[in-house]
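# Structural characterization, general
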Amino acid sequence: MKVMKFGGTSVGSVESLLNLRDIVNAESKPVIVVVSAMGGFTNQLLAMCEQAQQRDISCLDTLEEARKRHHDAVDGVVIPAMRDQVHATIDRFIDESLKPYYLALATNPHMPVDEIERVCDAIVAHGEILSSAIVTGMFEDGVPHLSLNFMRTTPDAGGRVLDWEETEHLVKADFASLDEGVHVVQGFISRDKESGAVTNLGRGGSDYTGAILASLLDADSLEIWTDVDGFMTADPRTHPDATVIPQMTYAQAQEMCDAGAKVIYPPTIAPVAMKHIPVWVKNTFNPSAPGTVIVDE
Ligand code: ADP
Ligand code: ASP
Ligand code: MG
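Residues numbered from 1 in each chain as written. Chains lettered and ligands numbered in written order. Predicted model: local features only at pLDDT ≥ 70, side-chain atom pairs only at ≥ 80, totals over all residues. Heavy atoms only, no water.

## Some remarks on the sheet that holds strand β7 (residues 189–192)
Under the convention used in this document: For two strands to be treated as a pair, DSSP must find at least two bridges joining them. A helix here means a DSSP run of H or I that spans at least four residues, while a strand means a run of E at least two residues long, and both kinds are numbered starting from the N terminus. Inter-axis angles, ranging from 0 to 180 degrees, are taken between N-to-C directions of lines fitted to C-alpha atoms, where helices are fitted over the stretch in contact.
The strand order across the open sheet formed by four strands is β5-β4-β7-β8, and the pairing between neighbours is mixed. Two strands close off the open sheet at either side, each with one partner strand: β5 (159–162) and β8 (198–200). The sheet shows a mean angle of 50° between the axes of neighbouring strands, direction not considered. Bridging between strand β4 (residues 152–156) and β7 involves two bridges; their strand directions are parallel. When the bridges of β7 are listed, Thr 153 appears paired with Asp 192.

Here's what the structure looks like:
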């Protein structure tokens, strides 16, 4: 069984979602598909939090644009039998969850700082909640899984860390009978083990979700589907002469990620390295390109 993680650009448009569908349909099932929020939406959700705290209610206009973007994606990619349900899911999360959260931020000048943080964490989780509803609805055999039910964090001095023990127990229970089908999971999002509050694994954390699941479920491989042809010698945005590295070791990949290679979130490497699970970096927009494989030697 494979874990395939698709990043923000890979779920960010009808065109890329159709590529995702073809890539996943070419796999033997079961397969686990981990998704990020639609490209740019996490940044928007956080920017709207800032606006709402400044009592700038124009954040609700941005929310309407985001609603339209998600509905357009549903019309473009979701199977007809699922469309009404996914449209309704999107409206429900926007109207009954996101809007009330933003209004609470905008109208409560005395909200304590830790409460503001809690609300913003709950808000930012909606990126993956909405994109995963769309991706699940693209497949006749799509099976939804809720990361908030099994990814657990604990507070740490510098932020939050994964609670491996609790997460292992819950992941194994949630995926106990992994039948045929496309099992769709939200990247990035989690809950605090003690309080149950919505948390996350840090910006770029969907890669880490993929690695955690691959490791705990002994996947055959982890595939990171993104918008470049593989792990490259440098960021192609700033180094146009960068070239794809066909094969790397976990240690080499870790070193480059730690040095800032954004293509993989740094905590991703260790859980898969420990289990000797190969990691592929592949391009959703050019799936026939060989990509990069990260292995022991
Ligand atoms: P995703 O949304 O798919 O997770 P990211 O934006 O997080 O994608 O990561 C992919 C981006 O990482 C590429 O578009 C590229 O600009 C950047 N990047 C930085 N360093 C590297 C590198 N060494 N190799 C490939 N891409 C890199
Ligand atoms: N959506 C989150 C972010 O933008 C997580 C991810 O994409 O990996 O940081
Ligand atoms: Mg990323």
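## A few points about the state of the cysteines
Short version of the rule: In this description, the term disulfide denotes a pair of cysteine sulfurs within 2.5 Å.
Tallied over the full model, the rule gives zero disulfides. Here Cys 59 is not disulfide-linked; the sulfur of Cys 49 is the nearest cysteine sulfur, at 8.5 Å.

## Some details on the pairing of β4
Bridge count between β4 and β5: four bridges; the pairing is antiparallel. The partner of Pro 155 across the bridge, within β5, is Arg 160.

## So, the packing of aromatic side chains
Just so we agree on the cut-off: For Phe, Tyr and Trp, rings pair up if their centres lie within 6.5 Å, where Trp contributes its six-membered ring, and each pair is then called stacked (planes under 30 degrees apart), edge-to-face (over 60) or tilted (otherwise). Throughout this description, the term charge over a ring refers to an Arg CZ or Lys NZ atom that lies within 6 Å of the ring centre and within 35 degrees of the ring normal.
On inspection of all chains with the given rule, the structure shows three aromatic pairs. Centroid distance Phe 150 to Phe 175: 5.3 Å. Interplanar angle 70°. Geometry classified as edge-to-face. With Phe 150 in the loop between β3 (142–144) and β4 and Phe 175 in the loop between α7 (164–174) and β6 (182–186), the pair connects residues that are 25 residues apart, well separated along the chain. The cationic tip of Arg 92 hangs over the ring face of Phe 93; the distance from NZ or CZ to the ring centre is 5.2 Å.

## Side note on the site of ligand 1
As a reminder, the rule being used: A molecule or strand has a residue near it when one of that residue's heavy atoms lies within 4 Å. Here a polar contact means two N or O atoms within 3.5 Å. Within protein one must be a hydrogen donor candidate and the other an acceptor candidate, and residues neighboring in sequence count only if both atoms are side-chain atoms. For accessible areas, the Shrake-Rupley method is used with a probe of radius 1.4 Å. Any residue's cover is judged against the shown protein chains and nothing else. The distinction between a cavity and a pocket rests on a 1 Å grid over the protein atoms alone: a 1.4 Å probe fits inside a cavity but cannot get out, while a pocket stays open yet meets protein on both sides within 12 Å along at least five of seven lines, and a residue with an atom within 4 Å of a point counts as lining. Whether a molecule sits in a cavity or pocket is decided by its atoms, more than half of which must lie within 2 Å of the grid points. Nonpolar residues are Ala, Val, Leu, Ile, Met, Phe, Trp, Tyr, Cys and Pro. Charged residues are Asp, Glu, Lys and Arg, and all others, Gly as well, are polar.
Residues in close proximity to ligand 1 total 16 residues, the closest being Thr 226, Asp 227, Asp 235, Arg 237 and Lys 262. Contact between ligand 1 and Lys 5: an oxygen atom at 3.0 Å from a side-chain N or O atom of the residue. Thr 226 places a side-chain nitrogen or oxygen 2.7 Å from an oxygen atom of ligand 1. Protein contact buries 91% of the 570 Å² of open area that ligand 1 shows by itself. Its atoms largely coinciding with the cavity grid, ligand 1 occupies the largest pocket. Looking at side-chain class alone, the shell around ligand 1 contains seven nonpolar, four polar and five charged residues.

## Let's talk about the packing of helix α2 (residues 41–53) against helix α5 (residues 113–124)
Just so we agree on the cut-off: Helix crossings get a hand from a simple test, with the near helix turned counterclockwise from the far one by less than a right angle marking a left-handed crossing and a clockwise turn marking a right-handed one. Here, residues are in contact when the closest pair of their heavy atoms is within 4.5 Å.
Their axes nearest at 9 Å, the elements α2 and α5 cross at an angle of 145°. The interaxial crossing formed by α2 with α5 has right-handed handedness. On the side of α2, the interface is formed by Thr 42, Leu 45, Leu 46, Cys 49 and Gln 53, while α5 contributes Ile 116, Cys 120, Ile 123 and Val 124. For the contact of α2 with α5, a count of residues per class yields seven nonpolar, two polar and no charged.

## Focus on helix α8 (residues 206–216)
Rule in force here: Whether a residue is buried, partly exposed or exposed follows from its accessible area with a 1.4 Å probe, protein chains only, as a fraction of its type maximum: under 20%, in between, or over 50%, in that order.
Here α8 lies mainly inside the structure; eleven of its eleven residues are buried. All of the buried residues in α8 are Ser 206, Asp 207, Tyr 208, Thr 209, Gly 210, Ala 211, Ile 212, Leu 213, Ala 214, Ser 215 and Leu 216. Looking one or two residues past α8, Asp 218 carries a phi angle of roughly 50°, positive in sign.

## Description of the nonpolar core
Rules: For the purposes of this section, nonpolar cores are sets of buried Ala, Val, Leu, Ile, Met, Phe, Trp, Tyr and Cys residues that join through side-chain atoms within 4.5 Å.
Ranked by size, the top nonpolar core spans 45 residues in total, and within it Tyr 102, Leu 105, Ile 134 and Val 135 carry the most contacts. When near neighbours in sequence (up to four residues on either side) are disregarded, Ile 134 contacts Leu 17, Met 38, His 70, Ala 73, Val 74, Val 77, Val 78, Val 86 and Ile 90. In terms of nonpolar packing, the next biggest core, distinct from the first, is built from 39 residues, Leu 201, Ala 211, Ile 212 and Val 228 among them.

## Considering the pattern of salt bridges
Should the charged atoms of two oppositely charged side chains come close, the side chains can pair. The following threshold applies: Whenever Lys or Arg places a side-chain nitrogen within 4 Å of a carboxyl oxygen from Asp or Glu, that contact is recorded as a salt bridge.
Under the counting rule described, the total for this entry stands at 15 salt bridges. Linking Arg 67 and Glu 64 is a salt bridge whose minimum nitrogen-to-oxygen distance equals 2.8 Å. Of the two residues, Arg 67 and Glu 64 are both situated in helix α3 (residues 59–77); the distance of three residues between them amounts to about one turn of the helix. One network of salt bridges, with partners in common, ties together Glu 64, Arg 67, Asp 91, Asp 95 and Lys 99.

## Observations regarding the site of ligand 2
Residues in close proximity to ligand 2 include Ser 36, Ala 37, Thr 42, Glu 128, Phe 188, Arg 203, Gly 204, Gly 205 and Ser 206, which together make up its full environment. Between ligand 2 and Gly 204, the relevant distance is 2.9 Å, taken from an oxygen atom to a main-chain nitrogen or oxygen of the residue. Burial of ligand 2 by the protein chains amounts to 86% of its free accessible area of 260 Å². Of the residues belonging to the shell around ligand 2, the class tally is two nonpolar, five polar and two charged.

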